[in-house]
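A look at the structure
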Amino acid sequence: MSNEKIPYKIYLKENEMPKEWYNLRADMKKKPAPLLNPETGKPMTAEELSRVFCEELVKQELNETDRFIAIPDEIHEFYKMYRPSPLIRAYFLEKKLGTPAKIYYKFEGNNTSGSHKLNSAIAQAYYAKKQGLKGVTTETGAGQWGTALSMSCSYFDLDCKVFMVKGSYQLKPFRREVMRTYGASVTPSPSETTEVGRKILSELPDTTGSLGCAISEAVEAATTQEGYRYVLGSVLAQVLLHQSIIGMETKIAMDKYDIKPDIIIGCAGGGSNLGGLISPFMGEKLRGEADYRFIAVEPASCPSLTRGVYAYDYCDTGKVCPLQKMYTLGSGFIPASNHAGGLRYHGMSSVLSELYDQGYMEAVSVEQTEVFRAAVDFARVEGILPAPESSHAIKAAIDEALRCKETGEEKTILFGLTGTGYFDMFAYERFNNGEMSDYIPTDEELQKSISTLPKFD
Ligand SMILES: *Cc1c(COP(=O)(O)O)cnc(C)c1O
């Protein structure tokens, strides 16, 4: 196959789709630090975690030894509705850049929710249903996760309660309506419906909310209602596990055509798409079978890997979730109000944090105006209108390709195109009007939120 021209789109057949998820932690010699109980400072037990999360997902969260975990048939069937997702050779972008580099991207936006989040949402809804629960609660920021979860819950006939960051609830009415169309109830957060919401509102009546605050409300709603559990769309190890489907499909497709990436790039919010994309490749690197460069790309306005500290921190503003050791800016960190590119979470997956700390992965931060410039350049030649989050990866891939142009190296670059940007047109509007600005927090500002970290090391 290697002498054939590589097609624009490499689609796997249905029967070539992976039947198992790959658990990267099994190949890590030094494992990520355990989740801690914020009250006792001791590792969370399965029993403690089961009060918040579904039982089977708790098992997956704590499983550091099984390399492969079978994808249940019901989930595999659902995956077939929108998977395998295409691996696309960016011939048009290469031509426009005049680079000798070969660029590939794995496109996860081909489903109604518009992003990779559906890969984990359907799995989490399945396990909730299997446990006989009535429903699940969650938070959503920009709305992609809430949309993916609503679709998944309606498929399995589960109730779905979404706490949506108030700012997005007001600014993104279409996402909200997609969720309601799939049967979810959507509450702007902070709300009067939870104790933690009422507390935050009494302190900050005009707040437009934050992800950390919506998480606290969703956890409270799950733990105070019979038959409900909380589900989370990123950050957790179980979510990276489900997202490994992205990397495994990519690896199968690349192997078919003898393509070996030199550089693998992904945007990093909580780390789930990046962790999923790199999983099988990182596994090879950890086992000493192959070498790749991995690059996490984050916004300069929310730089958890590049400027955060590696320590135990709260996952949410209300401090009700387990503590996680991760690269973090402090749970009180909120990006500047002009920030429009998503990826706003203050922390990072503990799996990716540990790999980064051990030097297996690099990280870069990019400013939002250059991210939107890259998004527009990409859209105009490759056709797809990318999500702002995904465009962080596009920007870094373009930078690497231009470096190849200078050096004449024919490197193979792979990046994750996590979703589409149709619901982000206010941000595009600001960019198109020349009204978008950049903001890089000062060391003092970061220090202020970092200084509030709990002492548990
Ligand atoms: C949520 C989201 C991200 C960031 O989340 P990760 O967990 O870091 O992958 C990136 N791109 C899109 C389109 C998203 O919806």
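All values reported here derive from a predicted model rather than from experimental measurement. (Residues numbered from 1 in each chain as written. Predicted model: local features only at pLDDT ≥ 70, side-chain atom pairs only at ≥ 80, totals over all residues. Heavy atoms only, no water.)

Some thoughts on the overall build of the protein chain
Basically, it comes down to this: A run of H or I in DSSP becomes a helix once it reaches four residues, and a run of E becomes a strand once it reaches two; helices and strands are each numbered from the N terminus. Radius of gyration: over C-alpha atoms. The globule rule applied is 2.2 Å multiplied by the number of residues raised to the 0.38 power. To sort residues, take the accessible area from a 1.4 Å probe on protein chains only and compare it with the maximum for the residue type: under 20% means buried, over 50% means exposed, and anything in between is partly exposed. By definition, residues are in contact when any of their heavy atoms lie within 4.5 Å. Think of it this way: Lys and Arg go in the positive column, Asp and Glu in the negative one, and His and the chain ends go nowhere. Here the site of a charge means NZ on Lys, CZ on Arg, CG on Asp, or CD on Glu.
When helices and strands are counted, the protein chain shows 18 helices and 15 strands. In terms of overall dimensions, the protein chain is globule-like: its C-alpha atoms have a radius of gyration of 21 Å, near the 23 Å expected for 457 residues. Expressed along its principal axes, the backbone C-alpha trace of the protein chain runs to roughly 60 × 50 × 45 Å. By the burial criterion, 63% of the 457 residues in the protein chain qualify as buried. Pairs at least 24 residues apart make up 77% of the contacts formed inside the protein chain by residues separated by at least 6 positions. Separation of charge centres in the protein chain, based on 51 positive and 60 negative side chains, amounts to 2 Å.

Comments concerning helix α8 (residues 173–181)
The criterion, for reference: This arc is taken over the directions from the axis of the helix to the C-beta atoms.
Every buried residue of α8 is listed here: Arg-175, Arg-176, Val-178 and Met-179. Down the axis of α8, the sector holding all buried residues measures 160°, keeping them to one side. Opposite its buried face, α8 presents the exposed residues Phe-174, Arg-180 and Thr-181, each directed more than 90 degrees away. Those residues of α8 that are buried are in contact with β6 (135–140), α6 (144–155), β7 (159–165), α7 (166–171) and β8 (185–189). Of the residues flanking the end of α8, it is Gly-183, one or two places downstream, whose phi is positive at about 95°.

Side note on unusual backbone geometry
For the bond from Arg-83 to Pro-84, the omega torsion is -10°, close enough to zero to count as cis. Following the sequence through the fold, Pro-84 ends up in the loop between α3 (73–82) and β4 (87–89). Residue Pro-190 is reached from Ser-189 by a cis peptide bond, and omega for that bond is 5°. Its place among the elements puts Pro-190 in the loop between β8 and α9 (195–203). Of note, Asp-157 is a non-glycine position whose phi angle comes to about 55°, a positive value.

Regarding the domain arrangement of the protein chain
Definition in use: Just so you know, the domain bounds were taken from an automatic or database domain assignment. Accessible-area loss on putting two parts together, using a 1.4 Å probe and summing over both, is the definition of buried area adopted here. When a carboxyl oxygen of Asp or Glu is within 4 Å of a side-chain nitrogen of Lys or Arg, the pair counts as a salt bridge. Two N or O atoms count as a polar contact when they lie within 3.5 Å, although within protein this holds only if one can serve as hydrogen donor and the other as acceptor, and sequence-adjacent residues are included solely when both atoms are side-chain atoms. For this classification, Asp, Glu, Lys and Arg are treated as charged, while Ala, Val, Leu, Ile, Met, Phe, Trp, Tyr, Cys and Pro are nonpolar and the rest, including Gly, are polar.
Each assigned domain of the protein chain is listed here: domain 1 (21–68 + 116–230) and domain 2 (83–114 + 243–450). For domain 1 and domain 2, the distance between their C-alpha centres works out to 22 Å. Across the contact, 43 residues belong to domain 1 and 43 residues belong to domain 2. Together domain 1 and domain 2 conceal approximately 3600 Å² of surface at their shared face, both sides included; 63% is due to carbon and sulfur atoms. It is Tyr-22, Leu-24 and His-116 in domain 1 that bury the most area against domain 2; as a group they hold 18% of the surface buried on that side. For the salt bridge of Asp-424 with Lys-172, the shortest nitrogen-to-oxygen distance reads 2.8 Å. Applying the counting criterion to the domain 1 and domain 2 interface returns 16 residue pairs in polar contact (both at pLDDT 80 or more). If you list the elements that add at least two residues to the side of domain 1 that touches domain 2, you get β2 (20–22), α5 (118–130), α6, α8 and α10 (211–223). In terms of residue count, α10 provides more of the side of domain 1 that touches domain 2 than any other element does, six residues in total. Among the residues making up the side of domain 1 that touches domain 2, the classes are represented as 26 nonpolar, eight polar and nine charged.

A closer look at the site of the ligand
Using the following cut-off: Throughout, near means a residue has at least one heavy atom within 4 Å of the molecule or strand. Residue exposure ignores everything except the shown protein chains as possible cover, and the areas themselves are Shrake-Rupley values with a 1.4 Å probe.
In the vicinity of the ligand there are 17 residues, among which Lys-117, Ser-234, Ser-272, Asn-273 and Thr-418 approach most closely. Residue Asn-273 places a side-chain N or O atom 2.7 Å away from an oxygen atom belonging to the ligand. Coverage of the ligand by the protein amounts to 95% of the 390 Å² it exposes when considered alone. The class makeup of the residues in the shell around the ligand is four nonpolar, eleven polar and two charged.

Topic: the environment of Glu-249
Inspection of the secondary structure puts Glu-249 in helix α11 (residues 237–256). Along the primary structure Glu-249 and Pro-86 are separated by 163 residues, whereas in three dimensions their C-alpha atoms are 9.0 Å apart. In terms of polar contacts, Glu-249 uses its side chain to reach the backbone amide nitrogen of Ser-85, at 3.0 Å.

Quick word on the sheet that holds strand β15 (residues 412–417)
This is how it is decided: A pair of strands is treated as paired once DSSP finds two or more bridges between them. Here the axes come from fitting lines to C-alpha atoms, over the contacting stretch only for helices, and the angles between their N-to-C directions go from 0 to 180 degrees.
Taken in spatial order, the seven strands of this open sheet run β1-β4-β5-β15-β10-β11-β14, and their pairing is mixed. Only two strands of the sheet have a single partner each, and these edge strands are β1 (9–10) and β14 (362–366). As paired elements, strand β10 (residues 263–267) and β15 share three bridges and run parallel to each other. Directly across from Ile-263, in β15, lies its bridge partner Ile-413. Together, β1, β4, β5 (102–107) and β15 form the strand contacts of α11, whose direction differs from that of β5 by roughly 135°. Here helix α15 (residues 368–382) sits on the sheet and contacts β4, β5, β14 and β15; the angle it forms with β14, its principal contact strand, is near 95°.

Describing the sheet that holds β6
Taken together, four strands build an open sheet; the order of strands is β8-β7-β6-β9 and the sheet is parallel. Of all strands in the sheet, those bounded by a partner on one side alone are β8 and β9 (228–230). Averaged over all pairs of adjacent strands, the angle between strand axes in this sheet comes to 25°, irrespective of strand direction. With five bridges joining them, β7 and β8 adopt parallel strand pairing. By the bridge assignment, Phe-163 is partnered in β8 with Thr-187. Relative to the sheet, α6 contacts β6 and β7, its axis offset from that of β6 by approximately 165°. Lying on the sheet, α10 is in contact with β6, β7, β8 and β9; it crosses β6 at an angle near 170°.

Concerning the side chain of Glu-249
The class for Glu-249 is buried, based on a relative accessible area of 0%. Dropping the residues within four chain positions of it, Glu-249 is found in contact with Leu-12, Met-17, Pro-18, Arg-83, Pro-84, Ser-85 and Lys-106.

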